[in-house]
Amino acid sequence: MSVQFNRRDFLTGCLAASGLAGFGSRDPHAQGGGPDSAFPWESLRRLLRSRYPDLRRHFAFEYYPWYANDPFRHWQQWERSPPADLAGSSMPLLGAYDSRTVPVLEQHARWIVESGVGVVNLSWWRPGSFSDRAVSVVMDVMQAHDLKVAFHLEPYGPDRAEQLLADVRYLLREYGDKRRWDCLYLNRRADGTEGPVFKLFATTRPSHEEDCHGVRQVLPEYVDDDRWRWATDRVREEFALSFPDLLLLSDDSWNPTRIRDAGFDGVASYDATINPTRWLDAALEASRLGLVFSFNVNPGFDSIARRNVAPGECYAAPSFVPAVQTLDWSRAEDRERAAQLADRRIVETFEYNLWLQTHPWFGNVDTGFFLTYITSFNEWHEGTQFEPMRDRGDLAPAERVIGYHNPEDGKYRLRRLRELIGRLT
């Protein structure tokens, strides 16, 4: 007689064995959003501190050094008109800042240290790009605040697989060797070995996608798995002696088999719209295939919408995640409700992430790997930012008419993260 494997029953059994029965099924619309009192905070704190003495180095903010204000860059995306009308669902506390200015970076670094996070993962768009030209000053300021820097390699062109080895060489030489390794992040395993971590965006995408009219469109970001395998093998061969523990992570977490076949070492989710209960499948499959995994702490997704859409164009305005009903952003009650939902989402994704990465039934424990990404410090376009927003009462009249989603308390996300990490560190 055969027994059918049921993932939901398996999850329930895992949670019950961990003393977390019912975790992950809490009503996302219930009042409040604090840490679950049933969660085994004390045992996890002891476990993680015994394996990773500098635990804050295992929490990394996704960080975007792509903003400018003379002229404006990124703040004007999708027909926005800075400085009052920004490409963000909320107005930053600092307004339309420039990512390359030291006072802004100093304030960012202070907030990051305050949160308990020890690493920033920079969005990077190839040598010589705007983001690359910002790296040196970002690292100078972060290093002065005892923060480390890693890199998130973006889909900057169709040749990115062919350029992967050159990119890794460049990043290690320019921001490792030439700086005497003062700031480049090296992930430390439980056994004390360590190596650099490079996260890559949009690696295992489909080759085509069907639009709303049924037309099959080629995706320009597509790179086939064999090309990635060739590229990742080259990196591994070159750095086999100097960095045997170098990690290449794919942030496309929903097809671990393709990620393994493409030669990546693990999965590292970025998408803040995904229900975290889906992480179980990815963690199980990654563990079975010998891959490490990392999921992301996030407040959900609150992206800006395009204002000008041509008739017949395939575009749908993004929804606020995790709300299941439409919110009226002009109503104070709905803005505060959204903040409550985002706050609860932060707690849920933090707890679930910890549980999956530390449970002995999954592969990360055996490999000694632990790394939690936080989406994001300052991706204002998608509303995933933990960087403080302006309090609602402090918006200028010209900003109020834009329809920003700022709640009454613009620092609640950073404060919640500080509380959660503080329970461990």
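Scroll up a little and you will see the structure.
Keep in mind that this is a model prediction, so the values were computed, not measured. (Residues numbered from 1 in each chain as written. Predicted model: local features only at pLDDT ≥ 70, side-chain atom pairs only at ≥ 80, totals over all residues. Heavy atoms only, no water.)

A. Fine view of the packing of helix H3 (residues 102–115) against helix H12 (residues 412–422). Look at H3 against H12: their axes get within 8 Å of each other, and the N-to-C directions meet at 40 degrees. The orientation of H3 with respect to H12, classified from their angle, is oblique. In this structure, H3 uses Trp 111, Glu 114 and Ser 115 to contact H12, whose residues at the interface are Leu 414, Leu 417, Arg 418 and Ile 421. Residue composition of the contact of H3 with H12, by class: four nonpolar, one polar and two charged. (Axes fitted to C-alpha atoms, helices over the stretch in contact; angles between N-to-C directions. Helix = DSSP H or I, 4+ residues; strand = E, 2+ residues; numbered from the N terminus. Parallel < 35°, antiparallel > 145°, perpendicular 65-115°, else oblique. Contact = heavy atoms within 4.5 Å. Nonpolar A, V, L, I, M, F, W, Y, C, P; charged D, E, K, R; others polar.)

B. View of the pattern of salt bridges. Overall, the coordinates contain 32 salt bridges when judged by the stated rule. Here Arg 169 ties to Glu 238 by a salt bridge, and the two come within 2.7 Å at their closest N and O atoms. With Arg 169 in helix H5 (residues 164–175) and Glu 238 in helix H6 (residues 225–238), this residue pair connects regions lying 69 residues apart in the sequence. What makes Arg 169 partly exposed here is its relative accessible area of 37%. By relative accessible area, Glu 238 is classed as partly exposed at 37%. Where Arg 236 meets Asp 265, a salt bridge forms, and the shortest distance between an N and an O atom there is 2.8 Å. Of this pair, Arg 236 sits in helix H6 while Asp 265 sits in the loop between helix H7 (256–261) and strand S11 (266–268), and the two are 29 residues apart along the sequence. Connected via shared salt-bridge partners are Asp 54, Arg 56, Arg 57 and Asp 146. (Salt bridge = Lys/Arg side-chain N within 4 Å of Asp/Glu carboxyl O. Buried < 20%, exposed > 50% of the residue type's maximum accessible area, 1.4 Å probe, protein only.)

C. Spatial organisation of the pairing of strand S7 (residues 194–200). Counting buried residues along S7, six of its seven residues qualify, which places the element largely inside the surrounding structure. Looking at chain direction, strand S5 (residues 148–153) and S7 are connected through three bridges and run parallel. Looking at S7, one finds that Leu 153 is bridged to Leu 200. Pairing of strand S6 (residues 186–188) with S7, which is carried by three bridges, proceeds in the antiparallel orientation. If you follow Leu 186 over to S7, its bridge partner there is Pro 196. As paired elements, S7 and strand S10 (residues 247–250) share four bridges and run parallel to each other. Across the sheet, residue Lys 199 finds its bridge partner in S10, namely Leu 249. (Pairing = 2+ DSSP bridges.)

D. The packing of aromatic side chains, seen in detail. Under the criterion given, the structure shown has 28 aromatic pairs. Centre to centre, the rings of Phe 320 and Trp 329 are 5.5 Å apart; their planes meet at 75 degrees, and the pair counts as edge-to-face. A relative accessible area of 12% places Phe 320 in the buried class. Positioned above the aromatic ring of Tyr 315 is the side chain of Arg 306, whose terminal nitrogen or guanidinium carbon lies 5.1 Å from the ring centre. The ring of Trp 41 has Arg 423 lying over it, and the distance from NZ or CZ to the ring centre is 5.1 Å. (Phe/Tyr/Trp six-rings, centres within 6.5 Å; stacked < 30°, edge-to-face > 60°. Lys NZ or Arg CZ within 6 Å of the ring centre and 35° of its normal.)

E. Structural context of the side chain of Asp 251. Here Asp 251 lies in the loop between S10 and H7. There is no salt bridge for the buried Asp 251, and the closest opposite charge comes from Lys 199, which lies 5.4 Å off by N-O distance. At a separation of 3.3 Å, a polar atom in the side chain of Asp 251 contacts the main-chain amide nitrogen of Ala 202. (Lys, Arg positive; Asp, Glu negative; His and termini not counted. Polar contact = N/O pair within 3.5 Å; in protein donor to acceptor, adjacent residues only side chain to side chain.)

F. Highlighting the pairing of strand S1 (residues 59–63). Buried residues dominate S1, accounting for five of its five residues. The alternating pattern of S1 places Phe 59, Phe 61 and Tyr 63 and Ala 60 and Glu 62 on opposite faces, both of which are buried. In this sheet, strand S14 (residues 372–374) lies alongside S1 in parallel orientation, the contact comprising three bridges. Bridge assignment links Ala 60 to a residue of S14, and that residue is Tyr 373. Both S1 and strand S4 (residues 119–124) contribute to a ladder of four bridges, which runs parallel. Opposite Phe 61, over in S4, you have Val 120 as the bridge partner.

G. Up close: the packing of H3 against helix H4 (residues 130–144). Between H3 and H4, whose axes approach to 9 Å, the crossing angle comes to 45 degrees. Taken as axis vectors, H3 and H4 run oblique relative to one another. As H3 packs across H4, the resulting crossing turns out to be right-handed. For the pair H3 and H4, the contacting residues are Val 102, Leu 105, Glu 106, Ala 109 and Ile 112 in the first and Val 137, Val 138, Val 141 and Met 142 in the second. Residues belonging to the contact of H3 with H4 are distributed by class as follows: eight nonpolar, no polar and one charged. (Left-handed = near helix turned anticlockwise from the far one by under 90°.)

H. Inspection of H4 at higher detail. The terminal C-alpha atoms of H4, which comprises 15 residues, lie 22 Å apart, in line with the 21 Å expected from a rise of 1.5 Å per residue. Maximal helix bending in H4 amounts to about 35 degrees, located at Ser 136. In the segment just after H4, Asp 146 is the residue with positive phi, at about 60 degrees. (Expected span 1.5 Å × (residues − 1). Bend = angle between axes of the 7 residues up to and from the residue.)

I. Expanded view of the state of the cysteines. Inspection of the entire model under this criterion finds one disulfide. Between the sulfur of Cys 212 and that of Cys 314 lies a disulfide, 1.9 Å long from S to S. Taking the sign of the S-S torsion, about -85 degrees here, the bridge from Cys 212 to Cys 314 comes out left-handed. A residue pair is termed long-range when its members are at least 10 positions apart, and Cys 212 in the loop between strand S8 (208–210) and strand S9 (216–218) and Cys 314 in the loop between strand S13 (296–297) and helix H9 (332–358) qualify at 102 residues. On the basis of relative accessibility, which here comes to 56%, the residue Cys 212 falls in the exposed class. (Disulfide = S-S within 2.5 Å.)

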